[in-house]
Amino acid sequence: MKKIVFSLFILTLSLQVSAALPPGLIKLDGRDAPALKLKSMDEENYDLKQSKGRWVFVHFWAAWCGPCRREMPKIQALYSKFDQQTLEIILINTAESDDTVFGFLGAVAPDIDPLMDRDGLVTEVWQPRGLPATFFVDPSGKLQYLALGGRDWTKAEYMQFLNNLVKQK
Amino acid sequence: MNTILRFALLLGIFFSLPTIAEEKKKLTYEDKDLYVRVFLRSPEQITAFYQGREFKQQAVDQITDTCNVTVIIKNKTLDVLWLELDNWQFSQNQQPIHRYKRDYWAKQWDEIQLKQAHRSTFGWTLMPEVRDLRTDEGVGGSLYIPKQSGKFSLTLNFNTGSNKQGKKRSVNFNHLFCRKNTDVESE
């Protein structure tokens, strides 16, 4: 009985999240997320597999892209708001040098150690619909949502979406 | 002397402002369904962008040997708007102008052994060949054609609807030109 009640609770939360997606977010088909193994700018190894059990915000960007630059302070704000064990925020820079990335992020999002897709091939595999783009990977490693382009993530409608999301396991 | 220079500068700005506004108007289309903005980039602007990203000079030269037309589109319909570059047409005096597609650039980069990171960056600056633009989705990117001496046109044709069976849309920009370094900027 407890299991049924719990399942209904999770189902209700899922419906709440997907029923009213905020502008620019689309539901994906829940296929497995592509492999994602990169080094960060601080030379730390990262593998998406290690993030199973929590939602992951996988964000592709480049410093030359205007909307990416405008969005980044809002992502830094999210990074401060969410426990990384609940919603892990991963930035993937597409094919730029350390100097370029540090020159921009150092001032705008100093707390985040970005992953460096140095040759751009991981981005090619993930195929975001342009830059910037954010995929939401669920705790079991499936692609659930895609945010097209940049936005103010701290707006109420996006915060509500994110808060509902992290309630789902 | 300083006063004369300042006056000349102010005069220059004063007379160039209407030109900039006029050009922006000519290079923008907007209705309830669609927003399109065209930018014409000069070789100097292109060079600054790619040199700033440490592209080798041969690559910069190859890019600036062509004519850049950058387009931004936003789908304001409640349906899918299809970006399909093969349905777009550059022309001059009713004669089609071919566009340098991705395979052309790939061949150029093979020849000069451009490093993968720079191929990737260049690729992301190009307009996607095909995209089913969702409601409120925008897309932008560069198109390249051979340098033209006179004015040319660009006709953008769009299918709509998820199955492409919706209303067809067409937007035309005349009086486009390959911007030279000496031309007044549109922004």
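Presented here is an overview of the structure given in this document.

## Digging into the overall build of chain A
- Within chain A, the secondary structure is distributed over 5 helices and 8 strands.
- Written out in order from the N terminus, the α and β elements of chain A read α-β-β-β-β-α-β-α-β-α-β-β-α.
- In chain A, which comprises 169 residues, the proportion classed as buried is 53%.
- Of the contacts made within chain A by residues no fewer than 6 positions apart, 73% connect residues no fewer than 24 positions apart.
- Taken as a whole, chain A presents about 8000 Å² of accessible surface, with 55% of it coming from carbon and sulfur.

## Digging into the state of the cysteines
- This model, assessed by the stated rule, comprises 2 disulfides over all chains.
- A:Cys65 shares a disulfide with A:Cys68; S-S distance 2.1 Å. Disulfide A:Cys65 to A:Cys68: torsion about the S-S bond roughly 90°, handedness right-handed. Assigned by exposure class, A:Cys65 and A:Cys68 land together as buried.
- The disulfide bridge from B:Cys67 ends at B:Cys178, spanning 2.3 Å between sulfur atoms. Judged by the torsion about the S-S bond (-110°), the B:Cys67/B:Cys178 disulfide is left-handed. One end of the pair, B:Cys67, is in strand β3 (residues 66-75); the other, B:Cys178, is in the segment after β10 (169-176), and 111 residues separate them in sequence. As far as burial versus exposure is concerned, B:Cys67 and B:Cys178 are alike and both buried.

## A closer look at the packing of helix α2 (residues 43-52) of chain B against helix α3 (residues 57-64) of chain B
All names here are of chain B.
- One way to put it is that α2 packs onto α3 with a least axis distance of 10 Å and a crossing angle of 150°. Accordingly, the angle class assigned to the pair α2 and α3 is roughly antiparallel. Crossing hand, α2 versus α3: right-handed. Between α2 and α3, the residues in contact are Pro43, Ile46, Thr47, Tyr50 and Gln51 and Gln57, Val60, Ile63 and Thr64, respectively.
- For the contact of α2 with α3, the class distribution of residues is 5 nonpolar, 4 polar and no charged.

## A few points about the packing of aromatic side chains
- The final tally for this structure, using the stated rule, is 25 aromatic pairs over all chains.
- Taken together, A:Trp64, B:Phe49, B:Tyr50, B:Phe55, B:Tyr100, B:Tyr104, B:Trp105, B:Trp109, B:Phe122 and B:Tyr144 form an aromatic cluster joined through their ring pairs.
- Above the face of the A:Tyr145 ring, A:Lys27 is positioned so that its terminal group lies 5.1 Å from the ring centre.
- The residue whose ring lies beneath B:Lys164 is B:Trp82, and the NZ or CZ to ring-centre distance is 4.6 Å.

## A look at the packing of helix α2 (residues 66-81) of chain A against helix α3 (residues 98-108) of chain A
Residue and element names in this part refer to chain A.
- Direction vectors running N to C along α2 and α3 enclose 45°, while the axes themselves pass 9 Å from each other. One finds that α2 runs oblique with respect to α3. Crossing angle aside, the handedness with which α2 passes α3 is right-handed. Mapping the contact onto sequence places Arg69, Met72, Pro73 and Gln76 in α2 and Phe104, Leu105 and Val108 in α3.
- Partitioned by chemical class, the residues of the contact of α2 with α3 number 5 nonpolar, 1 polar and 1 charged.

## A word on the interface of chain B and chain A
- The interface is formed by 13 residues belonging to chain B together with 16 residues belonging to chain A.
- Across the interface of chain B and chain A, roughly 1300 Å² is buried in total on both sides, 57% from carbon and sulfur atoms.
- The largest contributions to the chain B side of the interface with chain A come from B:Gln116, B:Trp124 and B:Arg134, which together make up 43% of the buried area.
- The tally of links between chain B and chain A comes to 2 salt bridges.
- For B:Glu137, the salt bridge identified is with A:Arg129, shortest N-O distance 2.8 Å.
- The interface formed by chain B and chain A includes 3 residue pairs in polar contact (both at pLDDT 80 or more).
- The set of elements that each furnish at least two residues to the side of chain B that touches chain A consists of α5 (116-125) and β7 (130-133) of chain B.
- Here the residues of the side of chain B that touches chain A are counted per class, giving 4 nonpolar, 4 polar and 5 charged.

## As for the pairing of β3(B)
All names here are of chain B.
- Among the 10 residues of β3, 8 are classified as buried, and the element is accordingly described as predominantly covered.
- Both strand β2 (residues 34-41) and β3 contribute to a ladder of 8 bridges, which runs antiparallel. Bridge assignment links Leu40 to a residue of β3, and that residue is Val69.
- Where β3 and strand β8 (residues 138-146) come together, 9 bridges link them in antiparallel fashion. By the bridge assignment for β8, Thr70 is matched with Ser142.

Calculation notes
Residues numbered from 1 in each chain as written. Chains lettered and ligands numbered in written order. Predicted model: local features only at pLDDT ≥ 70, side-chain atom pairs only at ≥ 80, totals over all residues. Heavy atoms only, no water. Helix = DSSP H or I, 4+ residues; strand = E, 2+ residues; numbered from the N terminus. Buried < 20%, exposed > 50% of the residue type's maximum accessible area, 1.4 Å probe, protein only. Contact = heavy atoms within 4.5 Å. Areas by Shrake-Rupley, 256 points an atom, 1.4 Å probe, with all protein chains shown as cover. Disulfide = S-S within 2.5 Å. Axes fitted to C-alpha atoms, helices over the stretch in contact; angles between N-to-C directions. Parallel < 35°, antiparallel > 145°, perpendicular 65-115°, else oblique. Left-handed = near helix turned anticlockwise from the far one by under 90°. Nonpolar A, V, L, I, M, F, W, Y, C, P; charged D, E, K, R; others polar. Phe/Tyr/Trp six-rings, centres within 6.5 Å; stacked < 30°, edge-to-face > 60°. Lys NZ or Arg CZ within 6 Å of the ring centre and 35° of its normal. Buried area = accessible area lost by both parts, 1.4 Å probe. Salt bridge = Lys/Arg side-chain N within 4 Å of Asp/Glu carboxyl O. Polar contact = N/O pair within 3.5 Å; in protein donor to acceptor, adjacent residues only side chain to side chain. Pairing = 2+ DSSP bridges.

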